[in-house]
Amino acid sequence: MWELRDASVRFGSTTALDGVDLRVDPGEIVVILGPSGCGKSTLLRALAGLQPLDRGNVWIDGRDATREPPHTRGIGLMFQDPTLFPHRTVGDNVAFGLRMLGWDRAARADRVAEMLDLVGLPDFAARAVDTLSGGEAQRVALARSLAPGPRLLLLDEPWAALDRTLRDRLTAEIPALLRSTGTSAVHVTHDHDEAFAIADRVAVMHRGRVLRVAPPAELFADPRTATVARFLGHENIVDDGAGRRVIRRDAASVDEQGELDVRVTGCRFRGDHHDVTVASDLGTLRFHLDRGFAIGAAVRLHIDPDRVAPLADD
């Protein structure tokens, strides 16, 4: 188990991490989700031992590892740029960490073959790096990171430079791949869909702080604060006098017996639903409805209370 406890990092007058607590359990994939500049990459570097803490500790399996050097922590690193060695073959790139650990030639060859097969590139060992596509290069970088058998893999927006189709394919594959090796992982991204598809738990960061940690479905249904709700894309944040609440866009249905009278101010067809904007006593709201309406139409809606969550102060 890996933990950050009260971790803080400052760069001059800028606080990059502000009292962060985070736990990563064995075999778990934790995704750090947040906007640029919120401290995501600093958190990864702190876990790896590449960034000293100004306050707090890193714990690994119950021992204080704050002052342990990176090479003793059992980590693998993968970044947006695969940084493959251009003068080496794919196989030599994957074997690099094994060579540094003193594995013999036969053991290295077996492990390289195993890792390339794992990432779907079984016949690529002899290929030159400059013949690889962007997606193939990232798969090779992943194989290289996993080859030494790290207990924790740290991924810093590894798919950010790839096109959406390829990102979606790799996002769909990575959880099963990591589970097949028993590797824990911390994955950094600003993409909600990527985070929800990969994570066992998502940690939302804002201005150096972790605001909420929860499984994806729980996080989306109950963001807890307006800052987290807005970052997750919730737009219907209302204050009706009884408290502040977030109303999910899929919470409404057309119902003549419903409790909310609205007037349609916008309507766009989205394929499997209509994106309908309405004016109401609660303010401007947006819902996903199964039918469209003319601008100005008066509609009565029912709001599913199970898709409404209270919000605490930020």
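Residues numbered from 1 in each chain as written. Predicted model: local features only at pLDDT ≥ 70, side-chain atom pairs only at ≥ 80, totals over all residues. Heavy atoms only, no water.

Bringing the overall build of the protein chain into the picture now. Along the protein chain, the regular secondary structure elements total eight helices and 18 strands. Principal axes of the C-alpha set define a box for the protein chain whose edges measure 75 × 45 × 30 Å. Within the protein chain, the proportion of its 314 residues that are buried is 46%. Across the protein chain, contacts joining residues at least 24 apart in sequence account for 64% of those joining residues at least 6 apart. If the 39 positive side-chain charges of the protein chain are averaged to one point and the 46 negative ones to another, these points end up 4 Å apart. (Helix = DSSP H or I, 4+ residues; strand = E, 2+ residues; numbered from the N terminus. Buried < 20%, exposed > 50% of the residue type's maximum accessible area, 1.4 Å probe, protein only. Contact = heavy atoms within 4.5 Å. Lys, Arg positive; Asp, Glu negative; His and termini not counted. Charge placed at Lys NZ, Arg CZ, Asp CG, Glu CD.)

In this section: the sheet that holds strand β12 (residues 244-247). In spatial order, the strands read β11-β12-β18; together these three strands make up an open sheet with antiparallel pairing. Lying at the two open borders of the sheet, with one neighbouring strand each, are β11 (237-239) and β18 (308-310). Averaged over neighbouring strand pairs, the angle between their axes works out to 30 degrees when direction is ignored. (Pairing = 2+ DSSP bridges. Axes fitted to C-alpha atoms, helices over the stretch in contact; angles between N-to-C directions.)

This part is about a nonpolar patch on the surface. Residues L50, L77 and F79 make up a contiguous nonpolar surface patch of about 230 Å² in total accessible area. Here L50 is to be found in the loop between α1 (40-48) and β4 (55-60). (Patch = residues over 30% accessible without salt bridge, like charges linked within 9 Å, V, L, I, M, F, W, Y side chains within 5 Å. Areas by Shrake-Rupley, 256 points an atom, 1.4 Å probe, with all protein chains shown as cover. Salt bridge = Lys/Arg side-chain N within 4 Å of Asp/Glu carboxyl O.)

Counting residues in hydrophobic clusters, the biggest one holds 43 residues, and the most contacted among them are V94 and L142. At the level of elements, β3 (29-33), α2 (90-100), α3 (105-118), α4 (134-146), β7 (152-156), α5 (164-181), α6 (192-198) and β9 (201-206) are the ones that each hand at least two residues to this core. For this core, the element with the most residues is α4, which contributes six residues. Once residues lying within four places of it in the same chain are set aside, the contact partners of V94 are V112, M115, L116, V140, A143, R144 and A147. (Core = buried A, V, L, I, M, F, W, Y, C linked by side-chain atoms within 4.5 Å.)

Our next topic: α3. For α3, with 14 residues, the first-to-last C-alpha span of 20 Å sits near the 20 Å given by 1.5 Å per residue. When α3 is considered as a whole, its buried residues turn out to be R108, R111, V112, M115 and L116. All buried residues of α3 project into a common sector of 130 degrees when viewed along the axis, lining one side. Along α3, the residues that are exposed and aim more than 90 degrees away from the buried face are A106, D110 and D117. Of the surrounding secondary structure, the elements contacted by the buried residues of α3 are α2 and α4. Regarding α3, its N-cap is D104, as a side-chain oxygen of that residue lies 3.2 Å from the backbone nitrogen of A106 further along. Within two residues after α3, G120 carries a phi angle of roughly 80 degrees, on the positive side. (Expected span 1.5 Å × (residues − 1). Arc of directions from axis to C-beta. Polar contact = N/O pair within 3.5 Å; in protein donor to acceptor, adjacent residues only side chain to side chain.)

This part covers the packing of aromatic side chains. Applying the stated criterion across every chain yields a total of two aromatic pairs. An angle of 55 degrees between the planes, with centres 4.8 Å apart, marks the rings of F85 and F96 as tilted. Pair noted here: F85 is in the loop between β6 (75-79) and α2 and F96 is in helix α2, with a separation of 11 residues, a long-range link. Here F85 falls in the partly exposed class, since its relative accessible area comes to 24%. Ring geometry for F196 and F220: centres 6.2 Å apart, planes at 85 degrees, overall edge-to-face. In this pair, F196 sits in helix α6 while F220 sits in helix α7 (residues 216-221), placing the two residues 24 residues apart along the sequence. With a relative accessible area of 25%, F196 lands in the partly exposed category. The ring of W59 is capped by R5, whose NZ or CZ atom sits 4.2 Å from the centre of that ring. Above the ring of F85, the side-chain terminus of R88 is found at 5.6 Å from the ring centroid. (Phe/Tyr/Trp six-rings, centres within 6.5 Å; stacked < 30°, edge-to-face > 60°. Lys NZ or Arg CZ within 6 Å of the ring centre and 35° of its normal.)

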